[in-house]
Amino acid sequence: IAMAQMADSAARSYLGGTAVGSRQDFAFVLVADWASVSTSSLTEVVMKTISIPANALGANGALRVKLRFKLGGTAGTKTIRYYFGGSLLFGFDHAASDALDWEDDFLLVNDNATNAQRATFYRQAYSAESTSTLRTDPTNKQHNTLAIDSTLAKDFEIRALVANALDSINVRGYFVEIVRT
């Protein structure tokens, strides 16, 4: 509770959030981490864990996660999965030939209740770090509905595995933003 109160206070102080009656509107970056982590594990491993404080979203708030990662090697399938509160949000298997840089963007919105969410996912691939060429694929959009009790603290996890130890997944960084209305 203290963490959520500090975050609430800081968000309203620094980002101009307002309190209207018992309603508090604010937006803030909960965490940003640009420390790189890699795996070549053949079993699913947790690459990053982001703890979301209890009731941080309220009934209509949103959680946004933006992630950058790179796939290495061309020997086998590379899999990355995203979980919220232990429930799988989205998962993707990348073909052996896929050795691109990726940028993923999630939006998880409480749908007028703390136990009903809508999740949207967008993905973009970059042809190489050294170029600005962007490959956008409209099939890389997904939607999901969930029923997770967000009044309790939950973890957002990034997990990964590869089919061949010669391949790798490198999470280069991410940020998590909370918007509460």
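Residues numbered from 1 in each chain as written. Predicted model: local features only at pLDDT ≥ 70, side-chain atom pairs only at ≥ 80, totals over all residues. Heavy atoms only, no water.

### Structural notes on the pattern of salt bridges
Where charged atoms of side chains with opposite charge meet at close range, the side chains can pair.
Thought 1: Counted according to the given criterion, the structure contains twelve salt bridges.
Thought 2: Where Arg-172 meets Asp-101, a salt bridge forms, and the shortest distance between an N and an O atom there is 3.8 Å. One end of the pair, Arg-172, is in strand β12 (residues 168–180); the other, Asp-101, is in strand β8 (residues 101–110), with 71 residues separating them in the sequence.
Thought 3: Residue class for Arg-172 comes out partly exposed when judged on its relative accessible area of 27%.
Thought 4: Its relative accessible area of 4% is what places Asp-101 among the buried residues. (Salt bridge = Lys/Arg side-chain N within 4 Å of Asp/Glu carboxyl O. Helix = DSSP H or I, 4+ residues; strand = E, 2+ residues; numbered from the N terminus. Buried < 20%, exposed > 50% of the residue type's maximum accessible area, 1.4 Å probe, protein only.)

### Here we look at the nonpolar core
Thought 1: Membership of the largest hydrophobic core comes to 35 residues, with the highest contact counts inside it found for Leu-63, Phe-69, Tyr-82, Phe-156 and Ile-158.
Thought 2: When contributions to this core are tallied by element, the ones reaching two or more residues are β4 (45–52), β5 (62–72), β6 (78–84), β7 (87–94), β8, β9 (117–126), β11 (154–162) and β12.
Thought 3: Those residues in contact with Phe-69 that sit more than four places away from it in its chain are Ile-80, Tyr-82, His-94, Leu-100, Asp-101, Trp-102, Asp-104, Arg-123, Ile-169, Asn-170, Val-171 and Arg-172. (Core = buried A, V, L, I, M, F, W, Y, C linked by side-chain atoms within 4.5 Å. Contact = heavy atoms within 4.5 Å.)

### Some remarks on the environment of Gly-76
Thought 1: For Gly-76, the location among the structural elements is in the loop between β5 and β6.
Thought 2: Taking the relative accessible area as the measure of exposure, Gly-76 reaches 8% and is therefore buried.
Thought 3: It is 5.3 Å that separates the C-alpha atoms of Gly-76 and Asn-164, two residues lying 88 residues apart in sequence.
Thought 4: For Gly-76, the residues in contact, after removing those within four places along its chain, are His-94, Ala-95, Ala-96, Ala-163, Asn-164 and Asp-167.

### Focus on the sheet that holds β4
Within a sheet, each strand pairs with its neighbour through backbone hydrogen bonds, oriented either parallel or antiparallel.
Thought 1: A sheet is described by the order of its strands in space; here four strands give the open sequence β4-β11-β6-β7, paired in antiparallel fashion. Because the sheet does not close on itself, it has two edges, and the strands there are β4 and β7. On average, adjacent strands in this sheet sit at an angle of 10 degrees to one another, irrespective of strand direction.
Thought 2: Taken together, the seven bridges between β6 and β7 define a ladder with antiparallel strand orientation. Looking at the pairing, Tyr-82 lines up with Phe-90 of β7. (Pairing = 2+ DSSP bridges. Axes fitted to C-alpha atoms, helices over the stretch in contact; angles between N-to-C directions.)

### Focus on the confidence of the model for the protein chain
Thought 1: With 77% of its residues at a pLDDT of at least 70, the protein chain reaches an overall mean of 79.
Thought 2: Confidence, read as mean pLDDT per element, is least for helix α1 (residues 2–15) in the protein chain (39) and greatest for β11 (94).
Thought 3: Segment residues 130–138: pLDDT under 50, and eleven contacts once partners within four positions in sequence are set aside and those in other chains are kept. (pLDDT = per-residue confidence, 0-100.)

### With respect to the packing of aromatic side chains
Thought 1: Per the stated rule, a full pass over the model turns up eight aromatic pairs.
Thought 2: Judged by centre distance (4.7 Å) and plane angle (50 degrees), the rings of Phe-106 and Phe-121 are tilted. Within this pair, whereas Phe-106 is found in strand β8, its partner Phe-121 is found in strand β9, the two being separated by 15 residues in sequence.
Thought 3: Exposure remark for Phe-121: the relative accessible area of 0% places this residue in the buried category.
Thought 4: Pairwise contacts between aromatic rings join Tyr-82, Phe-90, Phe-92, Phe-106, Phe-121 and Phe-156 into one cluster.
Thought 5: Positioned over the ring face of Tyr-83 is Arg-159, at 3.6 Å from the centre of the ring. (Phe/Tyr/Trp six-rings, centres within 6.5 Å; stacked < 30°, edge-to-face > 60°. Lys NZ or Arg CZ within 6 Å of the ring centre and 35° of its normal.)

### Some thoughts on the pairing of β6
Thought 1: Within β6, six of the seven residues are buried, leaving the element largely enclosed by the surrounding structure.
Thought 2: Connecting the antiparallel pair β6 and β7 is a turn made up of two residues, with Gly-85 showing a positive phi of about 60 degrees.
Thought 3: Pairing analysis gives seven bridges linking β6 to β11, with the strands arranged antiparallel. Bridge pairing in β11 places Thr-79 opposite Leu-161.

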